[in-house]
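Structural overview
Residue strings, one per chain:
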Amino acid sequence: MLDRISRERETVQLRPRVMDVLLCLVESRETVVSKQQLIDRVWRTEFVSENALTHAITELRTKLGDDPKHPTYIETIPRRGYRIIAELTIDGLGPATASTPPVRFELVAEDGRELPLKDGDNLIGRSPESGILLDTPKVSRRHARIVVAGDSASIEDLGSKNGTFVRGRRLEGPVRLQHADEIQIGVNVARFRFRVIDDRTRTEHLDDC
């Protein structure tokens, strides 16, 4: 996915999270998508408030040049949600999605939700750009990050005030994650279980223990 849309000969670049919101709306074209559905499908965690979604919709409308009072792209349905009301061209949609690499690692939240980790950086924090968004003042904007590189994943704290803990110990530097590791963000703010979901990678991690 190239995270770009084309509008009247102009190519517009979107942040990945904003593109995810747009894709959810496009997939349900002309159907109202509730705010909770968007939050569940895009952020996949209970720690996100509607403010994160509102911020993404506002940014998307700005990129599209859409007027919320007289929309031509995204319509707000009061007390229900949003829907796409125009045809959109999304660069990279189709063949590019078929080549997306398989997810090898994920975090499992305390409520059982599964949060896939993409290749590269997976930011955890209060910033709207966070892949794992924790909308609470007890978490720093850029609290921690998990880096997926090849068949390994490591986590590091990004200078947060309340710390990041793995296996009960506060991080002082990057740590390679092992299957079933418990990750704690801040002081009892959020807990996740790191899971290896690729059998070959799981075997390699267990051999390192």
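Below you will find a few notes about this structure.

So, how was this worked out
Residues numbered from 1 in each chain as written. Predicted model: local features only at pLDDT ≥ 70, side-chain atom pairs only at ≥ 80, totals over all residues. Heavy atoms only, no water. Salt bridge = Lys/Arg side-chain N within 4 Å of Asp/Glu carboxyl O. Helix = DSSP H or I, 4+ residues; strand = E, 2+ residues; numbered from the N terminus. Axes fitted to C-alpha atoms, helices over the stretch in contact; angles between N-to-C directions. Parallel < 35°, antiparallel > 145°, perpendicular 65-115°, else oblique. Contact = heavy atoms within 4.5 Å. Nonpolar A, V, L, I, M, F, W, Y, C, P; charged D, E, K, R; others polar. Pairing = 2+ DSSP bridges.

**Re the pattern of salt bridges**
Here the structure, examined in full by the defined rule, presents 14 salt bridges. Ionic pairing is found between E59 and R15, a salt bridge with its closest N-O pair at 2.8 Å. Taken as a pair, E59 in helix α3 (residues 50-64) and R15 in the loop between β2 (10-13) and α1 (16-27) lie far apart in primary sequence, 44 residues in all. Note that E114 is salt-bridged to R195, the shortest N-O span being 3.3 Å.

**Here we look at the packing of α1 against α3**
Packing of α1 against α3 leaves a shortest axis separation of 9 Å and a crossing angle of 85°. Relative to α3, the element α1 is oriented roughly perpendicular. Of the residues in α3, those touching α1 at V18, V21, L22 and L25 are L53, A56, I57, E59 and L60. Looking at the contact of α1 with α3 residue by residue, the class counts come to 8 nonpolar, no polar and 1 charged.

**Description of the sheet that holds strand β3 (residues 33-34)**
In a beta sheet, neighbouring strands are held together by backbone hydrogen bonds and run either parallel or antiparallel to one another. Spatially, the 3 strands line up as an open sheet ordered β3-β5-β4, and their pairing is antiparallel. Single-partner strands in this sheet number two, and they are β3 and β4 (74-77). Two strands pair when backbone bridges link them, and β4 and strand β5 (residues 81-84) are joined in this way by 4 bridges, in the antiparallel orientation. In the sheet register, E75 faces β5, and the bridge partner there is R83. Seen against the sheet, α1 touches β3, β4 and β5 and runs at an angle of roughly 70° to β5.

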